[in-house]
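Coordinates in review
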Amino acid sequence: MGRRYFGTDGVRGRVGEPPITPDFVLRLGYAAGRVLGSREGGRPAVLIGKDTRISGYMLEAALEAGLSAAGVDVLLSGPLPTPGVAYLTRALRLTAGVVISASHNPYDDNGIKFFSGDGNKLPDSLEQRIEEALDAPIGCVRPELLGKARRIEDAAGRYIEFCKRSFPSALDLRGMKLVVDCAHGAAYQTAPHVFHELGAEVVTIGASPNGLNINEACGATHPDALRAAVLEHRADLGIAVDGDADRLLMVDGEGRDYNGDELLYVIVRDRLLRGPVAGAVGTLMSNLALEQAFERLGVDFERAKVGDRYVLERLRARGWLYGGESSGHLLCLDSHSTGDGTISALQVLAAVRSSGRSLRELTADLVLFPQKLINVTIAKGFDWEIHPPLQRERLAAQAQLGDDGRILIRPSGTEPLLRVMVEAKDEALADRVAHRLAAAVA
């Protein structure tokens, strides 16, 4: 049975429109409480964290009421990065954790995602059971069994210490000047403190949330503000996370951006100095140059579907530790169970400090191929895999590109679009091939 509400990253949508409405979230809390609470003995307890969106207050209250009605105790952390909720859920031995966030989306979107007690995203089977439980009418346990709620006053402090422990004890950040862009989001009370307490001089931007400005012209998806601040303050590096702080982008002192592919390469190369690295996982969108660079290092590389949960699935299946997406979702499973922008930045900084080399130097032998992406509007039911003109052009184009290029064609999961992406060493060639493929769709 297909899932109606859960996508690759929980339940998400525009606030006030189904399913992100207070009545649905109340029902979701109750259904989740019934399913999760039935899986263990003793009294179940769930942590709720959120980012800084104004709608978080409303959704938090609805979730809390639904969980309480199901007999589940609720712990409230207030604004806290998504990976912080995953960590505290595990550290406090809770039944589950819930994050109210729409990640890098604007403030008028929001979402609900769940973590299991071990700090990992819920498996599909449990999300399916919660969806099925939504069909039952909402009820209420006996009054003496209702869940209680309390606030965790030191949630941010606990998470800050956890992040710091991921940085090698023999190193520090003294003498470094960093700009940290918190995207007016969940990391505004945590990320600057982590880097400062490790010795860096920190210039903080994007740390004045008002409920409406999360991700607005700032953060990992809008690096112009970070780039300008790095140049203005003559900083060594800039670090930007997104609204829920699980994504990372970095900028060097010259204003050059480094995306997830480049940062994953830096981390894996640094780990190779400490011991063998069997392999790394990227996605269908990971740059071909990254795959070739790992091959030169003797590191196996595997591609997963787009989405950090799929990267994590492949890492677990292979027993590997490192993976990520070009977008900046990076996984270092020797440091955390989930993607964490702050911890990922610390792993990059550790490589910089231990090597005494700059990011530009550490990525000098990784020259990303230019990519050309064209979104083509398609009719409902269009099957690109059997469309003769497109398949003829695709075969001809791949032959032309050879080993120095790559074609990726995939339908959008949310819009009537076919995404046509071409990668090649030569930018003009990538552009020409992409336009030929897009024209063949018509």
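In what follows, the structure referred to is the one given above.
Below is a short write-up of the structure.

Here is what the cut-offs are and how they apply
Residues numbered from 1 in each chain as written. Predicted model: local features only at pLDDT ≥ 70, side-chain atom pairs only at ≥ 80, totals over all residues. Heavy atoms only, no water. Pairing = 2+ DSSP bridges. Helix = DSSP H or I, 4+ residues; strand = E, 2+ residues; numbered from the N terminus. Contact = heavy atoms within 4.5 Å. Axes fitted to C-alpha atoms, helices over the stretch in contact; angles between N-to-C directions. Buried < 20%, exposed > 50% of the residue type's maximum accessible area, 1.4 Å probe, protein only. Polar contact = N/O pair within 3.5 Å; in protein donor to acceptor, adjacent residues only side chain to side chain. Left-handed = near helix turned anticlockwise from the far one by under 90°. Nonpolar A, V, L, I, M, F, W, Y, C, P; charged D, E, K, R; others polar. Patch = residues over 30% accessible without salt bridge, like charges linked within 9 Å, V, L, I, M, F, W, Y side chains within 5 Å. Areas by Shrake-Rupley, 256 points an atom, 1.4 Å probe, with all protein chains shown as cover. Salt bridge = Lys/Arg side-chain N within 4 Å of Asp/Glu carboxyl O.

1. Quick word on the sheet that holds strand 10 (residues 248–252)
Note on sheets: strands pair through backbone hydrogen bonds, and any given pair is parallel or antiparallel. Pairing within the open sheet is mixed, and its 5 strands lie in the order 8-7-9-10-11. Every other strand in the sheet has two partners, leaving strand 8 (201–205) and strand 11 (257–258) as the edge strands with one partner each. Inspection of the sheet shows strand 9 (residues 237–241) paired to strand 10 by 5 bridges, in the antiparallel sense. Residue glycine 238 lies in a different strand from strand 10, and its bridge partner there is valine 251. The strands touched by helix 7 (residues 224–233) within the sheet are strand 7 (177–181), strand 8, strand 9, strand 10 and strand 11, with strand 7 carrying the most contacts at an inclination of about 155 degrees.

2. Some details on helix 9 (residues 288–297)
Every buried residue of helix 9 is accounted for by Leu288, Ala289, Leu290, Ala293 and Phe294. Where helix 9 is buried, its residues contact helix 8 (260–272), strand 12 (279–283), strand 13 (300–304), strand 17 (405–411) and strand 18 (417–424). With a side-chain oxygen positioned 2.9 Å from the backbone nitrogen of alanine 289, the residue opening helix 9 is asparagine 287. Downstream of helix 9 by one or two residues, glycine 298 has phi in the positive range, about 80 degrees.

3. Overview of the packing of helix 1 (residues 22–37) against helix 2 (residues 55–69)
It is the contact of helix 1 with helix 2, at a shortest axis distance of 7 Å, that shows an interaxial angle of 35 degrees. In the crossing of helix 1 with helix 2, the sense of the turn from one axis to the other is right-handed. Judged by residue contacts, Pro22, Val25, Leu26, Gly29, Tyr30 and Gly33 of helix 1 engage Met58, Leu59, Ala62, Leu63, Ala65, Gly66, Leu67 and Ala69 from helix 2. Its residues placed into classes, the contact of helix 1 with helix 2 shows 11 nonpolar, 3 polar and no charged.

4. Section: a nonpolar patch on the surface
A surface patch of nonpolar side chains, about 420 Å² in accessible area, is lined by Ile54, Tyr57, Tyr107 and Leu212. Mapped onto the elements of the fold, leucine 212 is located in the loop between strand 8 and helix 7.

Keep in mind these numbers describe shape, not what the thing actually does.
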